[in-house]
Amino acid sequence: MKALDELTFDNRFARLGDAFSTHVLPEPIAAPRLVVASPAAMALLDLDPAVAETPVFAELFGGHKLWAEAEPRAMIYSGHQFGSYNPQLGDGRGLLLGEVYNEAGEHWDLHLKGAGQTPYSRMGDGRAVLRSSIREFLASEALNALNIPTTRALCVIGSDTPVWREKQERAAMVLRLSPSHVRFGHFEYFYYTKRPEQQKALGEHVLAMHFPECLEQPEPYLAMFREIVERNAELIAKWQAYGFCHGVMNTDNMSILGITFDFGPFAFLDDFDANFICNHSDDQGRYSFSNQVPIGQWNLSALAQALTPFISVDALRETLGLYLPLYQAHYLDLMRRRLGLTTAEDDDQKLLERLLQLMQNSGVDYTLFLRRLGDESPELAVARLRDDFVDIKGFDAWGELYVARAAREGVVDQEQRRTRMHAVNPLYILRNYLAQKAIDAAEGGDYAEVRRLHAVLSNPFTEQPGMESYAERPPEWGKHLEISCSS
Ligand code: AMP
Ligand code: MG
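The shown structure was predicted, so the numbers you read here are calculated from the model rather than taken from an experiment.

About the cut-offs
- Residues numbered from 1 in each chain as written.
- Chains lettered and ligands numbered in written order.
- Predicted model: local features only at pLDDT ≥ 70, side-chain atom pairs only at ≥ 80, totals over all residues.
- Heavy atoms only, no water.
- Phe/Tyr/Trp six-rings, centres within 6.5 Å; stacked < 30°, edge-to-face > 60°.
- Helix = DSSP H or I, 4+ residues; strand = E, 2+ residues; numbered from the N terminus.
- Buried < 20%, exposed > 50% of the residue type's maximum accessible area, 1.4 Å probe, protein only.
- Near = heavy atom within 4 Å.
- Polar contact = N/O pair within 3.5 Å; in protein donor to acceptor, adjacent residues only side chain to side chain.
- 1 Å grid on protein atoms, 1.4 Å probe; cavity = no way out; pocket = protein on both sides within 12 Å on 5 of 7 lines; lining within 4 Å.
- Sits in = over half its atoms within 2 Å of the grid points.
- Nonpolar A, V, L, I, M, F, W, Y, C, P; charged D, E, K, R; others polar.
- Pairing = 2+ DSSP bridges.
- Domains from an automatic or database assignment.
- Donors = N, O, S within 2.8 Å, 3.2 Å for Na, K, Ca; no water.
- Contact = heavy atoms within 4.5 Å.
- Core = buried A, V, L, I, M, F, W, Y, C linked by side-chain atoms within 4.5 Å.
- Points joined across faces, edges and corners; volume = space filled by probe spheres on them.

(A) View of the packing of aromatic side chains. Scanning all chains against the criterion turns up 24 aromatic pairs. For the ring pair Tyr85 and Tyr192, a centre distance of 4.3 Å and an interplane angle of 40° mean the geometry is tilted. Taken together, the positions of Tyr85 in strand β6 (residues 84–86) and Tyr192 in helix α4 (residues 184–192) put the pair 107 residues apart, joining distant regions of the chain. Judged by relative accessible area, which is 27%, Tyr85 ranks as partly exposed. Seen in terms of ring centroids, Tyr189 and Phe190 are 5.0 Å apart; in terms of plane orientation they differ by 85°. Their pairing is edge-to-face. Each of the two residues, Tyr189 as well as Phe190, counts as buried.

(B) A look at the site of ligand 1. Neighbouring ligand 1 are 15 residues, the closest being Gly90, Gly92, Arg122, Asp125 and Gly126. Asp125 has a polar side-chain atom sitting 3.0 Å from a nitrogen atom of ligand 1. In this structure, a nitrogen atom belonging to ligand 1 sits 3.5 Å away from a side-chain N or O atom of Arg165. Judged by the fraction of its atoms near the pocket grid, ligand 1 is located in the largest pocket. For the shell around ligand 1, a count of residues per class yields 2 nonpolar, 6 polar and 7 charged.

(C) Molecular detail of the pairing of strand β11 (residues 168–178). Taking burial as the measure, the 11 residues of β11 include 9 buried ones, the bulk of the element. The pairing of strand β8 (residues 107–113) with β11 spans 5 bridges and is antiparallel. The residue of β11 that forms the bridge with Asp109 is Ser178. Relative to β11, strand β9 (residues 128–129) is paired through 2 bridges, and the arrangement is antiparallel. Across the sheet, the residue bridging to Ala128 is Ala172, located in β11. Where strand β10 (residues 152–164) folds back on β11, the antiparallel hairpin that results is connected by 3 residues.

(D) Structural context of the domain arrangement of the chain. For the chain, the assigned domains are domain 1 (4–184) and domain 2 (339–422). Summarising the inter-unit geometry, the C-alpha centres of domain 1 and domain 2 are found 42 Å apart.

(E) Up close: the coordination of the magnesium ion (ligand 2). Around the magnesium ion (ligand 2), the protein contributes the donor atoms Asn253 (OD1) and Asp262 (OD), at 1.9 to 2.2 Å from the metal centre. Each member of the pair, Asn253 as well as Asp262, carries the same accessibility label: buried.

(F) Seen up close, the environment of Thr367. Checked against the element boundaries, Thr367 lands in helix α11 (residues 366–373). With relative accessibility at 1%, the residue Thr367 sits in the buried group. Sequence separation between Thr367 and Pro426 is 59 residues; the distance between their C-alpha atoms is 7.0 Å.

(G) Representation of the environment of Gly116 in the model. Here Gly116 is to be found in the loop between β8 and β9. Put simply, Gly116 and Arg93 are 23 residues apart on the chain and 5.4 Å apart in space, counted from C-alpha to C-alpha. In this structure Gly116 touches Glu27, Gly92, Arg93, Ser121, Asp125, Gly126 and Arg127, once residues within four positions along its chain are discounted.

(H) Broad picture of the nonpolar core. Counting 159 residues, the largest nonpolar core has Phe57, Phe61 and Phe369 as its most contacted members. Residue contributions to this core reach at least three from each of two domains, namely domain 1 (4–184) and domain 2 (339–422). Ignoring anything within four residues of it in the chain, the contact list for Phe369 reads Leu355, Met359, Val364, Leu385, Phe389, Phe395 and Trp398.

(I) Representation of the environment of Ile148. Position of Ile148 among the secondary structure elements: in the loop between α3 (130–145) and β10. The exposure class assigned to Ile148 is buried, which follows from its relative accessible area of 2%. Measuring from C-alpha to C-alpha, the distance between Ile148 and Lys238 comes to 6.4 Å, with 90 residues separating the pair along the chain. Ignoring any residue separated from it by four or fewer positions in sequence, one finds Ile148 in contact with Leu143, Leu235, Lys238, Trp239, Tyr242 and Thr260.

(J) Seen up close, the layout of surface pockets. In this structure, the largest pocket spans a volume of roughly 780 Å³. Along the wall of the largest pocket there are 32 residues; nearest its centre are Gln81, Arg93, Arg122, Asp252 and Ser487. Counted by class, the lining of the largest pocket contains 9 nonpolar, 12 polar and 11 charged residues. Space inside the second largest pocket adds up to approximately 420 Å³. Taken together, 16 residues make up the lining of the second largest pocket; nearest its centre are Tyr327, Tyr331, Gln349, Glu353 and Leu356. Among the secondary structure elements, those contributing two or more residues to the lining of the second largest pocket are α9 (323–338) and α10 (348–362). When residues of the lining of the second largest pocket are assigned to their parent elements, the largest contribution, 6 residues, is made by α10.

(K) Examining α4 more closely. The buried fraction of α4 amounts to 7 of the 9 residues, a majority that puts the element mostly inside the structure. When α4 is considered as a whole, its buried residues turn out to be Phe184, Gly185, His186, Phe187, Glu188, Tyr189 and Phe190. Those residues of α4 that are buried are in contact with β4 (73–75), β5 (79–81), β6, α5 (196–210), α6 (220–242) and α7 (292–306). The first or second residue beyond α4 is Lys194, which carries a positive phi of 55°.

Here it is, written out as structure tokens:
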């Protein structure tokens with residue numbers, strides 16, 4: 001266990017130089033205080049969880065203090081936003097404080113979001129509000145607990161500093177951890193500004209730091225692109241399988257590591273709805289739930305374009321072609337497991353699609369349905385769940401197919417089936433209304449609810465006594481909360 005002043009820094013990205021990032025100091029927020037910290041994320045830095053309660057913790061992550069070895073940098077990148085190229089984005093309100101090594105030899109970027117203005121702030125104030133900081137914190141740690149690759153969140157620090165959005169709010173900072181903060185948009189920036197040497201330096205850095213095994217391949221860049229395609233196919237399969245809607249899949253919000261990155265107006269589905277649009281500002285539904293699959297491919301094509309100086313167009317095209325079949329294989333595999341199936345049959349995809357259509361038509365809660373399907377034997381579970389459907393006849397027909405399909409798996413011990421299914425079907429997910437309740441309390445200065453919700457979501461597959469209300473469907477007011485990009 002380490003104390004805060006014992007972290008070991010090695011700022012590899014900063015050493016790439018001023019063409020890649022700019023030195024900027026954090027601007028402190030007034031009266032910094034701990035809102036919530038993640039013991040699991042602190043363990044990644046070998047930090048004793050008790051240090052979160054010390055004043056110096058809030059000072060460090062509220063921008064008042066800095067380690068002597070930290071080298072705060074605002075990164076430069078661009079990207080495609082809602083399909084259009086934006087030539088200059090960059091860290092407008094976040095800073096890479098430095099890279100820290102843990103005892104296992106892993107390195108973690110310390111990124112402070114909401115740290116004030118930078119040369120890339122454009123018209124923005126460089127701040128993040130408490131509301132969005134809490135949402136990013138909870139989502140990062142909840143996705144991680146669901147085994148969905150994601151950046152992590154160490155803590156949220158609240159403050160008295162006023163910020164103006166639609167109304168006056170308070171500034172906060174989130175400390176984000178990731179093995180890398182390089183985005184698709186980093187490669188796009190150097191490609192579109194026609195700086196091949198810098199693009200090569202970036203490529204070599206990313207290969208050496210994050211894809212060392214690709215350096216042993218005859219074409220390292222191609223091997224890396226293939227790996228990125230594979231990771232994205234798997235990531236998006238997990239989003240779709242668990243009902244996670246990212247909301248702003250711009251290429252500047254896509255991690256080169258294929259992990260969930262940059263949380264804005266995201267949402268988990270309550271009722272199953274393939275057409276769900278979680279971002280209130282997304283008028284066309286470009287980033288609707290089901291569009292995440294083709295948009296994943298669109299984003300990879302944008303990255304492929306930026307990699308044309310290194311890889312032949314034919315090889316890029318062929319590698320991009322892997323995305324959809326890989327996605328489909330991962331998705332079907334995950335959904336078979338969620339349905340409690342351990343073997344594969346040709347008609348499983350149809351069985352699944354039919355179920356999703358029935359859920360869509362009846363507005364059935366996606367998470368709870370799958371959890372309850374494992375509670376009892378297939379026969380008893382479908383008999384109990386049929387009441388949730390408007391089209392009962394349609395569901396009964398599906399239920400018969402499902403029971404027969406489950407029977408073809410052979411004799412299964414129900415106790416084992418439940419354990420196996422509950423291990424992949426969470427009881428607790430970050431429903432928007434739960435986040436909203438925690439945010440309302442935190443805005444009033446009470447952080448107990450954020451902390452409780454974080455604790456519940458850290459163990460999403462295990463029933464927790466006394467926490468029944470966190471597993472409920474949203475109340476009417478909580479069903480259609482409008483979450484915009486403003487954060
Ligand atoms: P996001 O929608 O959070 O992914 O941000 C898109 C771009 O806008 C990034 O370059 C951010 O750094 C920048 N940005 C977002 N909010 C602010 C803000 N309040 N001040 C400065 N820049 C911002
Ligand atoms: Mg972003």
